Amino acid sequence: MEPGQNPESPSPIRSGTVDLSKAGNLDINLTLSSSSVSLSYSHYLSTSGLRGAPSSLQFNSQSGEMEPRTVIPINKNWEFKQADKEDSKYLPVAQFPTHVHLDLLAHKLIPDPYIGKNELDVQWVGEAVWVYRTSFPSPAIRSSAKAVLAFDGLDTFATVVLNGKTILETENMFIPERVDVTADLKKDGGENELVITFDSAYLRGWKLVEKHPDHKWGCWNGDSSRLAVRKSQYHWGWDWGPALLTCGPWRPINLEVYESRITDLWCEVEVDKSLKNAIVTAHASTEGKASKVRFDISLKGTSVASQILDVGSSATFTISDPELWYPVRYGKQPLYTVTAVLDEDGKTIDSVSKKIGLRRAELVQRPLKGEPGTSFFFEVNGIPIFCGGSDWIPADNFIPRINKERYYDWVKLVADGNQFMIRVWGGGIYEEQGFYDACDELGILVWQDFMFGCGNYPAWPELLDSIKREAEENIKLLRHHPSIVIYAGNNEDYQYAESVNLTWEQDNKDAESWLKTDFPARYIYEKILPDACHKLVPSVYYHPGSPWGGVDTRDPTVGDIHQWNVWHGTQEKYQNFDKLVGRFVSEFGMEAFPSVKTIDAYLPLGKDDPDRYPQSSTVDFHNKADGHERRIALYLVENMRYAPDPLEQFVYCTQLMQAECLASAYRLWKRQWKGPGREYCSGALVWQINDCWPVTSWAICDYYLRPKHAYFTVKREMAPLSVGMTRREHKHPRNKYTRVDIDTQIQIEIWGSNLTLEDLTVDCVVKAWDVETGRETYSETVNKEPLVLPKNQSTEIVALDVPEPKKDEGIDASRTVVAAYLVRRDDGAQLARYVNWPEPLKYLHLAKPAYLRAELSDDYAMVNVSAEVPVKGVAVESEDDDIKFEDNLVDIVPGEVVSIKVRGATASSVITTRYLGMI
């Protein structure tokens, strides 16, 4: 019987936990010595447990033998209707799991909220009550077995009624629930009716706010009602997303029938510093009377080890010369499968499989040489990682329509973009298993926030209990993923507390006293969440929030910072990102318009829409950032000549501006990755990689996975080997007071960033051209001796005056383009390049090329781009969405052909170009 369930009592339970009074641990002691053995695990152990279990019941009610656990998906015959509307009739759902907006869309009862301004026309949905129902036959249930309904996710205020009896009430979207329904199912194969009513989370939230008037409510984005509700916070709207307060059974529902089951399978992994040995302690908790367990370890479907033992304690595997899991580019990502099988008289009663990777992951915070504060870098298997990467928001407002393939495609974009880390932001969801599986497979490190963001959260006792369960259940679901290397308590909640002067005395360590202050959520971030992590995933670092560290959340010398003084805050020039550095910058960004194809997709009339121009009300509606008009205009007008027409060129200019901005940050901050003891900046996570709908935002890839140009400049900056350059103006007055007698020196500083694990010996070639005529004015190898770039760090190469040999002819630094190349010493092959332009670009008299070429190679695998004059930001484009470019937005200089890899091109493909100054 499940806790809280009394067959004689109609009262509902509020938390469907599993009774583990009969649970045991699985006892194994194995020692394996093999270079090919490592542990791992695979299947999603949801609340519903086993995936791939038998889907029908073959019980012999007269037999004394224990029967296998059976999982029956409750995913058929679902209907929905509006509960608080008299004439509402049940209609079939569009899919299952589902959200109400998806079902309404399928029946054309609402317009697509992503098109035009339709978001406004569907706001009523979030204030209505919705009911879902289905029916299913009762399976045969032995007297020794139980039947449990497992709800992996109900969004959010749900009342569940089975055959007229309320069996569950929920108030937390993130908690999976289990309810024993053995006594509530119809007998002898009868039909059962399951009805779930979803109340308005928005209205319930405001009632909770009114119920707790003493709390100091306040937030950024959305409204304060969201703080009272354990639901995805972005559903209230954010500065990049619509307000779409949805509801529904958003994760699977299953009926389990069993006598015994495995309730959880998890492993603790310890890899020694030598990386020669790994100890894996495997645990499996069970329910029921099964007495034997078989553990199988396999790799790529081939069994490596197997043994049958008594249920009882933990399994210890000692693995010599293990195959280790590495981040992308630094090694492979072997994932072994470990399977626990309850075995009774040779019959499989239940089984659970998971994949794990063996790795030694640490967050290193130690004093630095020559600078205050401490480092903040991730080290995996002894390799310090400069974590260039991105922040992640949910990829749709309606999570059930994101399939596993789409998750993989998103993570593949991150990996292909030379990024190492993705941060799951705290205003979304604990992501689907397919997301983390892709990160495991592709070698992307994950920074995992808990789901709190940009506000002062309340902390009444029942809410704290719910949050504790939420944390523990989701850690259990996620802890086997080797990609997750840090958990963080929240997004910007400490920063919000600072902004409104909430009580936050860092020296006060009395946790209970925090609950009596006007910042009670500190108890969540510094007591509940770290306790849950320490208990359930002690080997992964817990960080109280993001940003967090030092004297306050803006301290650049300790922990991480969110650097929003470009765009927000003081609105600094992006050329000055080197002055805005922190030990780890976990947010920064710049907005840009999405692809014109994406804009055409959300305009009601597409290319023929009268609002197809940048300042139209519809286009403005698809930008949720406060002050976006002024800020986009500010950064455009500071940097380049542009016009709003045609739309295509304006979109290009915003993407060029974003690309220049973000590349500047990565380039200048990676310069501070200077080697052991000098990890002055160890990470840069751009806000953001993705969008949840078609919108103008900070994303570097839009909702349809179309990369903006910044994606490619970030990719180049995060290449294994890159060369950086910046231009500095130095003024030297000849006397104390003069405004006239001033010598001006314009220098370029050049450095190399080698993120590989081998020292590289190269030459550095510097060339210069007149921006107006294309005339080459300088070409020299600036190093006399072989130039060694030590592994995994940035190295200063040279500082020199901008070459001005033709200054007497008017070709001074203000019209000189300078390129730096790292080349192989033996054959001069180009290894890295960067082109530096006088800034601001708007001052330049850019020449229009007469011979700009973008030609497909004979095998259609390359586009070769060249011109006779310097051309800034050449973008290659195609109307064909099947054509994918692996690089873009390249600077072209005379005498050089830049080759861009392309997929999907054919003999009939048309490739066009766009560049700065074209119009």
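Residues numbered from 1 in each chain as written. Predicted model: local features only at pLDDT ≥ 70, side-chain atom pairs only at ≥ 80, totals over all residues. Heavy atoms only, no water.

K.L.:
Even after reading the chapter, I still don't get unusual backbone geometry, so can you show me in this structure?
P.N.:
As a rule of thumb, non-glycine residues mostly have phi less than zero, and peptide bonds are mostly trans rather than cis. Of note, the bond from Phe 96 into Pro 97 is cis; its omega dihedral lies within 30 degrees of zero at 0°. Across the junction of Ser 546 and Pro 547, the peptide omega takes the value 5°, indicating a cis bond. Structurally, the position occupied by Pro 547 is in the loop between β27 (541-543) and β28 (561-562). For Asn 792, which is not glycine, the phi dihedral falls at a positive 55°. Locating Asn 792 in the fold gives a position in the loop between β35 (787-789) and β36 (793-801). Taking relative accessible area as the criterion, Asn 792 reaches 9% and is therefore assigned buried. (Helix = DSSP H or I, 4+ residues; strand = E, 2+ residues; numbered from the N terminus. Buried < 20%, exposed > 50% of the residue type's maximum accessible area, 1.4 Å probe, protein only.)

K.L.:
Hey, could you run me through empty space enclosed by the protein in this one?
P.N.:
Across all of its chains, the model carries three cavities of 30 Å³ or more by this definition. Taken as a whole, the largest cavity spans an internal volume of roughly 60 Å³. What lines the largest cavity is a set of 14 residues, and nearest its centre among them are Asp 199, Ala 201, Leu 245, Thr 246 and Cys 247. Of the residues contributing to the lining of the largest cavity, the split by class is seven nonpolar, four polar and three charged. (1 Å grid on protein atoms, 1.4 Å probe; cavity = no way out; pocket = protein on both sides within 12 Å on 5 of 7 lines; lining within 4 Å. Points joined across faces, edges and corners; volume = space filled by probe spheres on them. Nonpolar A, V, L, I, M, F, W, Y, C, P; charged D, E, K, R; others polar.)

K.L.:
Would you take a moment to explain the layout of surface pockets for this structure?
P.N.:
The method is simple in principle: a probe with the dimensions of a water molecule rolls over the atoms, and the space it marks as empty is what remains. Looking at the second largest pocket, its volume works out to about 1,200 Å³. Around the second largest pocket, the lining is made up of 39 residues, and of these Lys 597, Arg 706, Pro 707, Ile 883 and Phe 885 lie nearest the centre. When residues of the lining of the second largest pocket are traced back to their parent elements, those giving at least two are α4 (404-416), α10 (596-602), α13 (647-670), α14 (709-717), β41 (871-877), β42 (884-885) and β45 (912-914). Counting residues per element, the lining of the second largest pocket draws most heavily on α4, at six residues.

K.L.:
Whenever I open this one, the nonpolar core confuses me. Can you help?
P.N.:
Side chains of nonpolar character tend, in soluble globular proteins, to be buried together. Grouped together as the largest cluster of nonpolar side chains are 255 residues, with contacts concentrated most on Leu 149, Phe 151, Phe 378, Phe 450, Tyr 525, Phe 577 and Phe 588. Here the element with the most residues in this core is α13; it accounts for 14 residues. Ignoring any residue separated from it by four or fewer positions in sequence, one finds Phe 588 in contact with Gln 563, Trp 564, Phe 577, Leu 662, Ala 665, Tyr 666, Trp 669, Ala 684, Leu 685, Val 686 and Trp 687. One finds Val 723, Val 762, Val 782 and Ala 813 within the second-largest nonpolar core, a separate group that totals 21 residues. (Core = buried A, V, L, I, M, F, W, Y, C linked by side-chain atoms within 4.5 Å. Contact = heavy atoms within 4.5 Å.)

K.L.:
Before we go on, may I ask you to explain the packing of helix α6 (residues 461-478) against helix α9 (residues 522-536) in this structure?
P.N.:
The geometry of a pair of packed helices is captured by two quantities: the angle between their axes and the separation between those axes. Remark: α6 packs on α9, axes separated minimally by 10 Å, with the N-to-C direction vectors making an angle of 35°. The handedness of the crossing between α6 and α9 comes out as right-handed. Judged by residue contacts, Leu 464, Ile 467, Lys 468, Ala 471, Glu 472, Ile 475 and Lys 476 of α6 engage Tyr 523, Ile 524, Ile 528, Leu 529, Ala 532, Cys 533, Lys 535 and Leu 536 from α9. (Axes fitted to C-alpha atoms, helices over the stretch in contact; angles between N-to-C directions. Left-handed = near helix turned anticlockwise from the far one by under 90°.)

K.L.:
Would you mind going over the sheet that holds strand β21 (residues 377-380) with me for this structure?
P.N.:
Backbone-to-backbone hydrogen bonds pair the strands of a sheet. The strands run either parallel or antiparallel. Strand order in the open sheet formed by three strands is β20-β21-β22, with antiparallel pairing between adjacent strands. Every other strand in the sheet has two partners, leaving β20 (361-364) and β22 (383-385) as the edge strands with one partner each. Here the strands of the sheet are splayed against their neighbours by 30° on average, with no regard to which way each runs. (Pairing = 2+ DSSP bridges.)

K.L.:
Can you help me understand helix α12 (residues 628-639) in this one?
P.N.:
For α12, which comprises 12 residues, the first-to-last C-alpha distance of 17 Å matches the rise-based estimate of 16 Å (1.5 Å per residue) to within 8%. Looking at α12, one finds that the buried residues are His 628, Arg 631, Ile 632, Tyr 635, Leu 636, Glu 638 and Asn 639. Where α12 is buried, its residues contact α11 (617-621) and α13. (Expected span 1.5 Å × (residues − 1).)

K.L.:
I'm lost on the packing of aromatic side chains in this one. Help?
P.N.:
Each pair of aromatic rings is reported with the distance of its centres and the angle of its planes. For the structure on display, the rule yields 50 aromatic pairs. Between Trp 78 and Phe 96, the ring centres sit 4.8 Å apart and the planes meet at 10°, which makes this aromatic pair stacked. Taken as a pair, Trp 78 in the loop between β3 (70-73) and β4 (79-82) and Phe 96 in the loop between β5 (91-92) and α1 (100-106) lie far apart in primary sequence, 18 residues in all. On the basis of an interplanar angle of 65° and a centroid distance of 5.6 Å, the ring pair of Phe 588 and Tyr 666 is categorised as edge-to-face. Note that Phe 588 is positioned in the loop between β29 (585-587) and α10 and Tyr 666 in helix α13, a separation of 78 residues in sequence. Summarising the burial analysis for this pair, Phe 588 and Tyr 666 share the class buried. A connected cluster of aromatic rings, assembled from ring pairs, spans Phe 452, Tyr 457, Tyr 494, Trp 504, Phe 519, Tyr 525 and Trp 548. If you follow Arg 133 out to its NZ or CZ, it ends over the ring of Tyr 90, 3.6 Å from the centre. (Phe/Tyr/Trp six-rings, centres within 6.5 Å; stacked < 30°, edge-to-face > 60°. Lys NZ or Arg CZ within 6 Å of the ring centre and 35° of its normal.)

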